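# An overview of the molecular structure
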Amino acid sequence: MQGVQEDIDHYWNKYQKPIWVTEFACVKDSPSWEPCQDQGQINRFINDIVDLFEKNEHVMAYAYTDGNGLSQNWLPTNNDGSQLSESGRTYLNAIKKYN
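Note that the coordinates shown come from a computational prediction; the quantities given were computed from them, not determined experimentally.

## Overview of the overall build of the chain
- For the chain, the count of helices and strands is three helices and four strands.
- The order of α-helices and β-strands along the chain, N terminus first, is α-β-β-β-α-β-α.
- Computed over its C-alpha atoms, the radius of gyration of the chain comes to 14 Å, within 12% of the 13 Å expected for a compact globule of 99 residues.
- On the principal axes, the C-alpha backbone points of the chain span a range of 40 × 40 × 20 Å.
- When burial is assessed residue by residue, the chain has 34% of its 99 residues classed as buried.
- Total accessible area on the chain is roughly 6500 Å²; 47% of this is exposed by carbon and sulfur atoms.
- Charged side chains of the chain number 8 positive and 14 negative; the gap between the two group centres comes to 4 Å.

## A closer look at the state of the cysteines
- In this structure the tally under the stated criterion is one disulfide.
- Across a sulfur-sulfur distance of 1.9 Å, Cys26 and Cys36 are joined as a disulfide pair. Its S-S torsion of about -40 degrees marks the bond between Cys26 and Cys36 as left-handed, since a negative value means left-handed. Taken together, the residues span a long stretch of sequence, with Cys26 in the loop between strand E1 (19–21) and strand E2 (27–28) and Cys36 in the loop between strand E3 (34–35) and helix H2 (39–55) at a distance of ten residues.
- Note on Cys26: relative accessible area 9%, which makes it buried.
- Its relative accessible area of 8% is what places Cys36 among the buried residues.

## Observations concerning the side chain of Ser85
- Secondary-structure assignment places Ser85 in the loop between strand E4 (59–62) and helix H3 (86–96).
- In contact with Ser85, not counting residues within four places along its chain, are Leu75, Pro76, Thr77 and Asn78.

## Some thoughts on the packing of aromatic side chains
- As enumerated under the stated definition, the model contains ten aromatic pairs in all.
- Note on Phe24 and Phe53: the rings are 5.6 Å apart at their centroids and 75 degrees apart in plane angle, and the pair reads as edge-to-face. Highlighted residues: Phe24 in the loop between E1 and E2 and Phe53 in helix H2, separated in sequence by 29 residues.
- For Phe53, a relative accessible area of 3% puts it in the buried group.
- Among the aromatic residues, ring-to-ring pairing joins Phe24, Phe45, Phe53, Tyr62, Tyr64, Trp74 and Tyr91 into one connected group.

The rules we used
Residues numbered from 1 in each chain as written. Predicted model: local features only at pLDDT ≥ 70, side-chain atom pairs only at ≥ 80, totals over all residues. Heavy atoms only, no water. Helix = DSSP H or I, 4+ residues; strand = E, 2+ residues; numbered from the N terminus. Rg over C-alpha atoms; globule rule 2.2 N^0.38 Å. Buried < 20%, exposed > 50% of the residue type's maximum accessible area, 1.4 Å probe, protein only. Areas by Shrake-Rupley, 256 points an atom, 1.4 Å probe, with all protein chains shown as cover. Lys, Arg positive; Asp, Glu negative; His and termini not counted. Charge placed at Lys NZ, Arg CZ, Asp CG, Glu CD. Disulfide = S-S within 2.5 Å. Contact = heavy atoms within 4.5 Å. Phe/Tyr/Trp six-rings, centres within 6.5 Å; stacked < 30°, edge-to-face > 60°.

Structure, rendered in structure tokens:
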């Protein structure tokens, strides 16, 4: 979460405009780009980042990733789109706390 907060601070300090996060996902980007694969880690990340965004006065909007290019665990729905995946349910429950 520290890296995410640093990014928010950077863009707020540079532009002083409301921030819209168009997608978010848990990835390790050093030394190479690698998405989180463990469902428990993904669930914790989703809950933590929603809390961070909701409590930050500079973040005006945010949206969950579509999972494209990450891993099967990141998809918000099952393969045919008929049901939420575990990640999709975790995101829905995380935002329900605030809406």
